[in-house]
Amino acid sequence: MAKPYYITTAIAYASGKPHIGNTYEIVLADSIARYKRFIGYDVRFQTGTDEHGQKIENKAFESLCTPKEYVDDKAGEIKRIWDLMNTSYDKFIRTTDPDHEKQVQKIFKKLYEKGDIYKGEYEGLYCTPCESFWTPGQLVDGKCPDCGREVHPAKEEAYFFRMSKYAPKLIKYIEDHPEFIQPESRKNEMVNTFLKPGLQDLCVSRTSFKWGIPVDFDPKHVVYVWIDALSNYITGLGYDADGNHGPLFEKYWPADLHLIGKDILRFHTIYWPIMLMALDVPLPKQVFGHPWLLQSDGKMSKSKGNVLYADDMVDFFGVDAVRYFLLHEMPFENDGVVSWELLIERINSDLANTLGNLVNRTISMANKYSGGVIRDAKVNEPVDSELEKYVSETRIRVNSAMDKLRVADALTEIFNLFKRCNKYIDETLPWVLGKDPEKKDRLDTVLYHLVESITIGATLLSSFLPETGEKILGQLNTEKRKVTELGRFGLYPSGNKVTDQPEILFARIDMEKMMDEINARFPAKEPEEKKAEKKEQAAEEKPANVTVLSKDQISIDDFMKMQLEVGEVLSCEEVPKSKKLLCSQVKVNGGVLQIVSGIKNYYAPKDMVGRKVVVITNLKPAKLAGVESQGMLLCAEDPDGNLSLLTVDGDVPAGSYIS
């Protein structure tokens, strides 16, 4: 009988469309769930939406609809994105589901009757987006420590949960179960920052808004987010506060893995375990706080104007390309970075070159030299045994990484297998063997080893890129292997025939052309906060009294000696041992120029990248601080000597002449 495995994601807040960082979590969870099913577990995979609260009530009012109509729309959008990304969840729970709401009321009442919930009054500083109260000492620069937004004074009657009662028990549990909070660094933060200094009792009801689950014995109160949202992990399995649990709860609880973002780790490793202790319910086996997927300029937010969405990326590159990028680029503990350019680079290097080219040329060679028939002629050489060993042991390396939830490492191991196959082609030179009829058996043996290796790789890949794995196996005219067969090399049926026409799995992308298409569809928007800042500055500033020094007049012929072009800064770094100089690599019409400029006091290197600047490209090269400069960036200078780069408005390509 298969061992049960229960995995959950955090439930997405139904206030808007999930961005690519939100989508990362469901794709990560899906790859774990698919892999666990593949190796023989009976998996239950749950996700869903968190749909109550003041923020939802306010947004519904602004949208001229009821809160239920609002969350129906947003939950549908979230589910659409999850389905688009080919995620294999078993249940999509909504906190507006009637069975969930009923159990939340029963849980609240049970904790009240037990004495763990009591009525009091709350006064503090409230953040509406986070639905959290804070003390003045907890604020950061006078704002919410979680989201950085404004807070306002609030006072209301509320019910409180006796968190402090269970804190010592939770500390001991965490110390006795070192695997409970992962990664390890997150555990230390929870214990030392939140638990050991002392827990305050938790506000668990509200009266200042109505969009929530009513406290059935005190209807002017609605159940606050903590009990409502967190309890989805058990109500979705059929937990019953009266003890009449459904069969799914009996089978799958405690959860094997709560997969969440690091920003909500406190709620899942402190609030949630204490709630379960109070309910006499076993704690989940592990909570993994994954890092964030960031834009190059920080955490994604609509106010910053830097939000990317999964469906937009899929429109350009397909589901599996986006899945690969999300899974491969996110480090285990540190935040990852996402951009259109990075995605294109990864598609070209890994998916099109390493994988796509391997499958395509293997099938093409099989058709050219053997009529597509794959035959193991068993004319082996030492290089074959090396390949067999590496491929057969890949399953062990992948499993070791997945046991530690190092999904990016597991995917790297699979692509190392494909890289090893490409190396094998270079070692065996099938096109040379194909020229000698006496080497036909050796050639067939080589092609057999390639097809068998790719079959094993595609089987492992199917948990991460399911559509791609299926396509590869289809082109090889074979089926996905069982996990028990992956350590045995040579199971591909000798005499089997591959497809006549190999399908291109991932085509190489022209970076410049694709970015032009992307920028045309998604023109850069200035962040709202930046617009407001500029408006405020403009209102305060008075026109400067600028004195321009007169120089001798020149002729048009003198001016025409200068070659001015639009340049795009590709990279920039500080010049060692210089207090003023930056060294930029600038794309112009003739290629890339290295330009040294005295602008270090006005621009950070990272802020230079991507700028469209005005360049003198025919300036005689000179050395500044020992570094050769091959041109000049033009700047304006104000009365105080401050420099400002001359830049170009609009989508003008690098290398355009200025006349």
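This text follows the structure it describes.
Now for a quick tour of the structure.

Cut-offs applied
- Residues numbered from 1 in each chain as written.
- Predicted model: local features only at pLDDT ≥ 70, side-chain atom pairs only at ≥ 80, totals over all residues.
- Heavy atoms only, no water.
- Helix = DSSP H or I, 4+ residues; strand = E, 2+ residues; numbered from the N terminus.
- Buried < 20%, exposed > 50% of the residue type's maximum accessible area, 1.4 Å probe, protein only.
- Contact = heavy atoms within 4.5 Å.
- Areas by Shrake-Rupley, 256 points an atom, 1.4 Å probe, with all protein chains shown as cover.
- Pairing = 2+ DSSP bridges.
- Patch = residues over 30% accessible without salt bridge, like charges linked within 9 Å, V, L, I, M, F, W, Y side chains within 5 Å.
- Salt bridge = Lys/Arg side-chain N within 4 Å of Asp/Glu carboxyl O.
- Lys, Arg positive; Asp, Glu negative; His and termini not counted.
- Charge placed at Lys NZ, Arg CZ, Asp CG, Glu CD.
- Phe/Tyr/Trp six-rings, centres within 6.5 Å; stacked < 30°, edge-to-face > 60°.
- Lys NZ or Arg CZ within 6 Å of the ring centre and 35° of its normal.
- Core = buried A, V, L, I, M, F, W, Y, C linked by side-chain atoms within 4.5 Å.
- Arc of directions from axis to C-beta.
- Polar contact = N/O pair within 3.5 Å; in protein donor to acceptor, adjacent residues only side chain to side chain.

1. Quick word on the overall build of the protein chain
The helix and strand tally for the protein chain stands at 22 helices and 28 strands. Taking the principal axes of its C-alpha atoms as reference, the protein chain extends roughly 85 × 85 × 45 Å. Among the 659 residues that make up the protein chain, the fraction classed as buried is 51%. Counting contacts in the protein chain only where the partners sit at least 6 residues apart, residues at least 24 apart contribute 74% of the total. Summing over all exposed atoms, the protein chain offers an accessible surface of approximately 31,300 Å²; the carbon and sulfur share of this is 50%.

2. As for the sheet that holds strand β5 (residues 117-127)
If you walk across this open sheet you meet the four strands as β6-β5-β7-β9, and the pairing is antiparallel. Of all strands in the sheet, those with a lone pairing partner are β6 (132-134) and β9 (202-203), marking the two edges. The pairing of β5 with strand β7 (residues 152-161) spans ten bridges and is classified as antiparallel. Pairing of Lys119 across the sheet is with Tyr159, part of β7.

3. A closer look at a nonpolar patch on the surface
Taken together, the side chains of Ile554, Ile556, Phe559 and Met562 present a nonpolar region at the surface, about 390 Å² in accessible area. Inspection of the secondary structure puts Ile556 in helix α21 (residues 556-560). What makes Ile556 exposed here is its relative accessible area of 59%.

4. Remarks on a negative patch on the surface
Where like charges cluster on the molecular surface, the negative patch consists of Asp510, Asp516, Glu517 and Asp651. Topologically, Asp651 is positioned in the loop between β27 (643-645) and β28 (657-658). Of the residues examined, Asp651 reaches a relative accessible area of 59% and is grouped as exposed.

5. Let's talk about the packing of aromatic side chains
Aromatic ring pairs are described here by two measures, namely the spacing of the ring centres and the angle between the planes. Under the definition given, this model contains 29 aromatic pairs. On the numbers, 6.5 Å between centres and 50° between planes, the contact of Tyr6 with Tyr252 is tilted. Of the two residues, Tyr6 sits in strand β1 (residues 4-9) while Tyr252 sits in helix α9 (residues 247-252), which places them 246 residues apart along the sequence. Each of the two residues, Tyr6 as well as Tyr252, counts as buried. Taken together, a centroid distance of 6.2 Å and an interplanar angle of 55° make the contact between Tyr35 and Phe38 tilted. With Tyr35 and Phe38 both in helix α1 (residues 20-38), this residue pair falls three residues apart, about one helical turn. A relative accessible area of 12% places Phe38 in the buried class. One aromatic cluster in this structure is built from Tyr6, Tyr233, Tyr239, Phe249, Tyr252, Trp253 and Trp272. Of note, Lys17 hangs over the ring of Tyr309, and the distance from its end group to the ring centre comes to 4.6 Å. Stacked on the ring of Tyr224, the Lys or Arg Arg206 has its end atom at 5.5 Å from the ring centre.

6. Quick look at the pairing of strand β20 (residues 582-588)
With five of its seven residues buried, β20 lies for the most part within the structure. Pairing of strand β19 (residues 564-574) with β20, which is carried by six bridges, proceeds in the antiparallel orientation. Bridge pairing in β20 links Glu568 to Lys587. Sheet topology places β20 next to strand β21 (residues 591-597); seven bridges connect them, and they run antiparallel. Note that in β21 the partner of Cys583 across the bridge is Val596. If you look at the hairpin formed by β20 and β21, you'll find two residues sitting between the two strands.

7. Notes on the sheet that holds strand β12 (residues 222-223)
Across the sheet, which stays open at both edges, the three strands sit in the order β10-β12-β11 with antiparallel pairing between neighbours. Since the sheet does not close on itself, it has two edges, and those belong to β10 (205-206) and β11 (213-214), each with one partner. The pairing of β11 with β12 spans two bridges and is classified as antiparallel. Of the residues in β12, the one forming a bridge with Pro214 is Val222.

8. A look at the nonpolar core
Counting 106 residues, the largest nonpolar core has Ile7, Ile20, Ile32, Phe317, Leu355, Leu461 and Ile472 as its most contacted members. At 13 residues, helix α13 (residues 340-370) tops the list of elements feeding residues into this core. In this structure, Ile7 is in contact with Ala29, Ile32, Ala33, Val43, Arg44, Phe45, Gln46 and Leu257, ignoring residues within four places of it in sequence. Val104, Leu111, Ala229 and Tyr271 belong to the second-largest nonpolar core, a separate cluster that totals 68 residues.

9. Quick notes on the environment of Glu386
Tracing the sequence through the fold places Glu386 in helix α14 (residues 382-403). Accessibility expressed as a relative area gives 47% for Glu386, which makes it partly exposed. Separated by 34 residues in sequence, Glu386 and Arg420 have C-alpha atoms that sit 9.8 Å apart.

10. Side note on unusual backbone geometry
In this structure, the amide linkage connecting Gln182 to the following residue, Pro183, adopts the cis form with an omega of -5°. Locating Pro183 in the fold gives a position in the loop between β8 (181-182) and α6 (184-195). A cis amide bond, omega 10°, links Trp253 with the succeeding residue Pro254. Relative to the helices and strands, Pro254 is located in the loop between α9 and β13 (257-261). Look at Asp280: it is not a glycine, yet its phi comes out positive at around 60°. Assignment of secondary structure puts Asp280 in the loop between α10 (265-278) and β14 (287-290).

11. A short note on helix α2 (residues 54-62)
Regarding α2, the residues found buried are Gln54, Ile56 and Ala60. Angularly, the buried residues of α2 cover 160° about the axis, an arc narrow enough to put them on a single face. Summarising the geometry of α2, the exposed residues directed more than 90 degrees from the buried face are Phe61 and Glu62. Buried residues along α2 sit in contact with β2 (12-13), α3 (67-84), β5 and β10. Within two residues after α2, Leu64 carries a phi angle of roughly 60°, on the positive side.

12. Details of the pairing of β5
Strand direction decides the pairing type here: β5 and β6, joined by three bridges, are antiparallel. Counterpart to Leu125 in the pairing with β6 is Trp134. Taken together, β5 and the strand that follows it, β6, pair antiparallel across an intervening segment of four residues, in which Glu131 is found at a positive phi of about 50°.

13. Looking at the side chain of Ser205
Note on placement: Ser205 falls in strand β10. For Ser205, the side chain forms a polar contact with the main-chain nitrogen of Tyr159, separated by 2.8 Å. One polar contact links Ser205 to His221, side chain to side chain, over a distance of 2.8 Å.

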